Amino acid sequence: MAYPKEFKYTKTHEYIKVDGKEGVVGLTNYAQHELGDIVFVELPPVGKEFKQNDVFAVVESVKAVSDCYAPAGGKVIKVNEKLVEDPSLVNKDPHGEGWIMVIELTNPKDLDNLMDVAAYEKFESEAGSHH
Amino acid sequence: MDNLDNLKKTPNYDMHVKYGGKIVDFGGWALSVQFSGILEEHKTVREKVGLFDVSHMGEVTVVGEQALPFLQKLVSRDLSTMVDGQIYYTHMLYPNGGTVDDLMVTRYGPNDYYLVINASNTAKDVEWMQKVAKEFPKVKVTDISADTAELALQGPKAEPTLQKLTRVDLSKLKYYHAVRGVEVAGIPNCIISRTGYTGEDGFEIFTDPRNANKLWEAIMDAGREFGIKPIGLGARDTLRFEASMPLYGQELDENTSPLEAGLGRFVDVDKPTPFIGQEALKKQVAEGLPKKLVGFEMIDRGIPRHNYRVAKNGKEIGYVTTGSYSPTLDKNIGNAFVPPSEAKVGNEIEIIVRDKPLKARIIKTPFYKRKK
């Protein structure tokens, strides 16, 4: 799966797709692959505010509980309710249908700390996996 | 990330690599947690057939004139009723009634027994057995784990798969019975037991480690028409958990007797020949169990996990031993220890998940039972 050019990426394998003052946040393909079958997503409440790197959601695979870290500070304006009934969307389409939340950015300078697609692709390939 | 260099490898390690297993550190062993995915592997075993590398398990032979008296002292079940080829599931206990390990004992003859023990407890168990054996000069206890490979073939299509590879008439091999010295896939001197850790019909096959890969490939080949898949440890756990089979370290440990874990039907508390831990069990029967294992389902949204606290009306009453999403039942379920007074089907309890009490309800077990 190719990584979208317009996304920005964290070292903990979250992405943010910025559109003006808003950003769509989710987990990268690397994250969903490492997690395995996802069976539960704990979504943040709409209206909650996070700083960059705060835990904004918990994603559970069959075997493990994983924290998701906010790529940038913001206020939650929308969450993906489809993930309640079908958490596997995060596995099937992490960069699209598997999005987790939309935030209103409170500090756009946070984005400067993130990797662009080239940097993330390099980072991700070095992280590797046991296959 | 797991450092694989210092891990023990089973004789089938190359198969894990060849079949694309996600290899992890499992108690010091390099084993696959999954191949194609836990949910898919789980479904495959329930509906078709799956193959597991379980060579990390321990095997011990017990032979000699005093084999039975030794074993009768060692385990809490009465083995005197066993017939040749039969397998009993049983427990070795500490004097305080806590569990050393749960194990399978096969009787091949009155002086000839074959034990299968947990991988994580092999060294501890063998040391314990050797200590007890000191009292019995006419028994020989031998750890043959390093010289034994074991594969498990489980699922509704396990019998037709294995039948293609052996002249043993599997339709006549009863559940919890074994045959040894048989040929499988052209490999001589194998053991086939009709046992498993999934709740499905199936077999466990034991052979020399030098033949392990040949056996694996032969089984994968024979099972292809039935949709066979290699199965990892992740699905092994969800399968046994749905079938309400205990895992040492979770439902059983050195502070838990088999009675507390709901396994009393495998225990002969009043066995006429004394066994280690018998007095402690008799006391539990007389005075009541300190805790009792229950099965529960979640009412609120959330997944219970090992060691999460259990509460009732805000007061902590116990803990979760195993909890997970159940693929077959498509809901979140768990096992927990609670005081016997709370251990009633229908009783509503709270599971503390990330500091929040979530509602749950005690239900009947086993969670899953295969259709006959």
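Bear in mind the structure is a predicted one, so any value in this text is a computation, not a measurement. (Residues numbered from 1 in each chain as written. Chains lettered and ligands numbered in written order. Predicted model: local features only at pLDDT ≥ 70, side-chain atom pairs only at ≥ 80, totals over all residues.)

(A) Spotlight on the overall build of chain A. Looking only at helices and strands, one finds four helices and nine strands in chain A. With the principal axes as the frame, chain A shows a C-alpha extent of 40 × 35 × 20 Å. Scored against the burial criterion, the 131 residues of chain A give a buried share of 40%. A fraction of 63% describes how many contacts in chain A between residues 6 or more apart in sequence connect residues 24 or more apart. (Helix = DSSP H or I, 4+ residues; strand = E, 2+ residues; numbered from the N terminus. Buried ≥ 20, exposed ≤ 12 C-beta atoms within 10 Å, placed from the backbone. Contact = placed C-beta atoms within 7 Å.)

(B) Fine view of the pairing of strand β9 (residues 140-143) of chain B. Residue and element names in this part refer to chain B. The alternating pattern of β9 places Val141 and Asp143 on a buried face, while none of Lys140 and Thr142, on the opposite face, is buried. The pairing of strand β5 (residues 58-63) with β9 spans four bridges and is classified as antiparallel. Opposite Val62, over in β9, you have Val141 as the bridge partner. (Pairing = 2+ DSSP bridges.)

(C) A look at the interface of chain A and chain B. On the chain B side, the residues contacting the eleven residues of chain A number 17 residues. The residue inventory of the side of chain A that touches chain B, partitioned by class, reads five nonpolar, three polar and three charged. (Nonpolar A, V, L, I, M, F, W, Y, C, P; charged D, E, K, R; others polar.)

(D) Fine view of the sheet that holds strand β6 (residues 87-93) of chain B. Residue and element names in this part refer to chain B. Pairing within the open sheet is antiparallel, and its five strands lie in the order β6-β7-β8-β5-β9. Here the strands that pair on one side only, and so sit at the sheet edges, are β6 and β9. In this sheet, neighbouring strand axes are inclined to one another by 25 degrees on average, regardless of whether the strands run parallel or antiparallel. Pairing between strand β7 (residues 99-109) and strand β8 (residues 112-117): six bridges, direction antiparallel. Considered in β8, the bridge of Gly109 is made with Asp112. Strand contacts of helix α3 (residues 67-74): β5, β6, β7 and β8, with the helix running at about 130 degrees to β5, the strand carrying the most contacts. (Axes fitted to C-alpha atoms, helices over the stretch in contact; angles between N-to-C directions.)

(E) Structural context of the confidence of the model for chain B. With 99% of its residues at a pLDDT of 70 or more, chain B shows a mean pLDDT of 97. Confidence metrics for the complex model read pTM 0.96 and ipTM 0.92. (pLDDT = per-residue confidence, 0-100.)

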